Amino acid sequence: MRMTLLRLSRAATAALVAAAALTAAAHSAEAAEAADTLGSAAAAQGRYFGTAVAASHLGETDYVSTLNREFDSATPENEMKWDATEPTRGTFTFSAADQVVNHAQAQGMDVRGHTLVWHSQLPSWVGGLGAADLRSAMNNHINRVMGHYKGQIHSWDVVNEAFQDGGSGARRSSPFQDKLGDGYIEEAFRTARAADPAAKLCYNDYNTDGVNAKSTAVYNMVKDFKSRGVPIDCVGFQGHFNSNSPVPSDLRANLQRFADLGVDVQITELDIEGSGAAQADSYARVVEACLAVDRCTGITVWGVTDKYSWRSSGTPLLFDGNYAAKPAYDAVLSALGGSGGGGNPGGGTATCTATYTRTADWSSGYNGQVTITAGSEPIGSWAATLTFASPQRVQATWNATPTWSGNVMTARPSWNGTLAADASTGFGFTVAKNGSDAAPVVGGCTVS
């Protein structure tokens, strides 16, 4: 009897192990299948992928559907800043910020709080206070805003942009610095910890992405805070890049040196001006740098769509003004280990592909054609991007309506957008070579 029970026990154990293995495999397969958006792909890497959210755009269908589909973290763009929450002393208003927080929570997103103490977007009454009044107002502001959202915020940017640009490493002149001195940052963090002990407390700044005098000054402050027990949990690196301020080659090393101090690091306001392959490569390098640092917990892009970006003329985001995914989106998704085409504001699994053929060629120009083919499901519309080599110029297009960002053309159907499953259509164009015979680079096809 004992042997029989032992055999049964072993058999039962083996069955449980097998069932657990099957369940784990199923969950793994589900996770792999689900990693077709920025948020799901980042989650599979143990990170978040968020965006800045403006309450004023939450009534726009395409904005909301793209936000809900792609991101798993939200940062109120302006709604939590001092001028929005306490425009007159002691009078607080949270209605706009509440819209963002409530929307994020309904979608299961984490929220980053931005920002409590900052020299900019201050109501005028703050600058007119004497030192004692200013200290009282600063601490009251932190307590009231954090108290309103206690238990609802993942990370707070407690102090923002407190250091000067350039090579001095000095503190920035502000009402707080000028009247309260260096100690105001420590005081703000200690007040914040008491206000919401569960929230992660971050210092946030720009032009600190690489190793330089400014980032080293921040590093030294964080090192000092950690050595003395000042509560700081994370450091935010904004990540506003363009051709004059490109992604630094030592971004990863810089993130790592902060992480080695025992704080999390986050990319908090990422936007990269440009277009096409160059922009895509820059985005990919930022993602790769974050993934290479264990304590880099997530990335936030500063907006959903180019048309609402604070740098809209530089087209710095992952979705264009029509919410079509750009090559930079594909590069980010790939760097995160995901797959899929996220340009469909309506959601769903419909896909399309774009292939290029040169149909005619002569000394000064050529004709090209792009064939659009629907995937296994019908589509209602599509968009395809092509990057042309400078100084080529597109002189004419047919069967598509083009829009331009630099040398990147986004083509959308003029009449031929609806396709049955596996069906094809196409559009064409004439290019003046202007000395360059290079073929355009197809950035991909998205369902839009």
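Up top is the structure these notes are about.
Because the structure is predicted, anything quoted here is derived from the model rather than measured. (Residues numbered from 1 in each chain as written. Predicted model: local features only at pLDDT ≥ 70, side-chain atom pairs only at ≥ 80, totals over all residues. Heavy atoms only, no water.)

*Asks:* What's the story with the overall build of the protein in this structure? I'm lost.
*Replies:* The secondary structure content of the protein amounts to 13 helices and 17 strands. The proportion of buried residues among the 448 residues of the protein is 52%. Roughly 18200 Å² of accessible area belongs to the protein as shown, and the carbon and sulfur atoms make up 52% of that amount. (Helix = DSSP H or I, 4+ residues; strand = E, 2+ residues; numbered from the N terminus. Buried < 20%, exposed > 50% of the residue type's maximum accessible area, 1.4 Å probe, protein only. Areas by Shrake-Rupley, 256 points an atom, 1.4 Å probe, with all protein chains shown as cover.)

*Asks:* Can you walk me through the packing of aromatic side chains in this structure?
*Replies:* What the rule picks out here adds up to 16 aromatic pairs. Between Phe176 and Tyr184, the aromatic rings sit 5.8 Å apart at their centres with planes inclined by 25°, giving stacked as the arrangement. By relative accessible area, which is 3% here, Tyr184 ends up buried. Ring centres of Phe189 and Phe225 lie 6.2 Å apart, and the angle between their planes is 65°; this geometry places the pair in the edge-to-face category. Highlighted residues: Phe189 in helix H9 (residues 183–195) and Phe225 in helix H10 (residues 213–228), separated in sequence by 36 residues. Grouped by ring-pair contacts, the aromatic residues Tyr356, Trp382, Phe388, Phe427 and Phe429 constitute a single cluster. (Phe/Tyr/Trp six-rings, centres within 6.5 Å; stacked < 30°, edge-to-face > 60°.)

*Asks:* Help me understand the sheet that holds strand E11 (residues 365–374), please; the structure alone is not making it clear to me.
*Replies:* Within a sheet, each strand pairs with its neighbour through backbone hydrogen bonds, oriented either parallel or antiparallel. Pairing is antiparallel in the open sheet, where four strands are placed in the order E10-E11-E16-E13. Only two strands of the sheet have a single partner each, and these edge strands are strand E10 (352–362) and strand E13 (393–398). Ignoring which end each strand starts from, the neighbouring axes of this sheet average 25° apart. Relative to strand E16 (residues 424–432), E13 runs antiparallel, the two sharing five bridges. (Pairing = 2+ DSSP bridges. Axes fitted to C-alpha atoms, helices over the stretch in contact; angles between N-to-C directions.)

*Asks:* How should unusual backbone geometry be read in this particular structure?
*Replies:* A negative phi angle characterises most non-glycine residues, just as the trans form characterises most peptide bonds. Put simply, His114 and Thr115 share a cis peptide bond, and its omega is -5°. Here Thr115 is to be found in strand E3 (residues 110–118). The residue after Ser390, namely Pro391, is reached through a cis peptide bond having omega 10°. Its location among the elements puts Pro391 in the loop between strand E12 (382–387) and E13. In this model, Asp422 sits at a positive phi of 70°, which is unusual for a non-glycine residue. According to the relative accessible area criterion, Asp422 is exposed, its value standing at 56%.

*Asks:* Just to check I follow, could you spell out the environment of Asn212 for this structure?
*Replies:* Residue position: Asn212 is located in the loop between strand E5 (200–205) and H10. Taking the C-alpha atoms as reference points, Asn212 and Gly166, 46 residues apart in sequence, are found 8.8 Å from one another. For Asn212, the residues in contact, after removing those within four places along its chain, are Asn207 and Arg257. (Contact = heavy atoms within 4.5 Å.)

*Asks:* Help me understand the state of the cysteines, please; the structure alone is not making it clear to me.
*Replies:* Cysteine pairs can be covalently joined through their sulfur atoms, and such a bond is termed a disulfide. Evaluation of the coordinates by the stated rule reveals three disulfides. The disulfide that involves Cys202 links it to Cys234, with 1.9 Å between the sulfurs. A torsion of -80° about the S-S bond marks the disulfide between Cys202 and Cys234 as left-handed. Of this pair, Cys202 sits in strand E5 while Cys234 sits in strand E6 (residues 234–237), placing them 32 residues apart in sequence. Across the disulfide from Cys352 sits Cys445; the S-S distance is 2.0 Å. Between Cys352 and Cys445, the S-S dihedral sits near -100°, and the bridge is therefore left-handed. (Disulfide = S-S within 2.5 Å.)

*Asks:* Please clarify how the pairing of E5 should be interpreted in this entry.
*Replies:* Looking along a regular strand, one sees the side chains alternate between the two faces of the sheet. Judged by how many residues are buried, E5 sits mostly within the fold: five of six residues are covered. The pairing of strand E4 (residues 155–160) with E5 spans five bridges and is parallel. Bridge assignment links Trp156 to a residue of E5, and that residue is Leu201. Taken together, the four bridges between E5 and E6 define a ladder with parallel strand orientation. In the strand pairing of E6, Tyr203 is matched with Val235. Since E5 and E6 lie parallel, the crossover through H10 that links them has a hand, and here it is right-handed. (Right-handed = clockwise from strand over helix to strand, strands pointing away.)

*Asks:* Is there a simple way to explain the pairing of strand E8 (residues 264–272) in this structure?
*Replies:* Within E8, nine of the nine residues are buried, which leaves the element mostly enclosed by the surrounding structure. Both E6 and E8 contribute to a ladder of four bridges, which runs parallel. Residue pairing in the sheet places Phe237 in a bridge with Ile267 of E8. Sheet topology note: the strand E7 (residues 240–241)/E8 ladder contains two bridges and is parallel. Looking at E8, one finds that Phe241 is bridged to Ile272. Chirality of the crossover, the property in question, places the unit of E7, helix H11 (residues 251–259) and E8 among those that are right-handed. In the sheet, E8 pairs with strand E9 (residues 296–301) via four bridges, with the strands oriented parallel. Paired with Ile267 across the two strands is Ile299, which belongs to E9. At this point the chain moves from E8, through helix H12 (residues 276–291), to the parallel E9, and the crossover so formed is right-handed.

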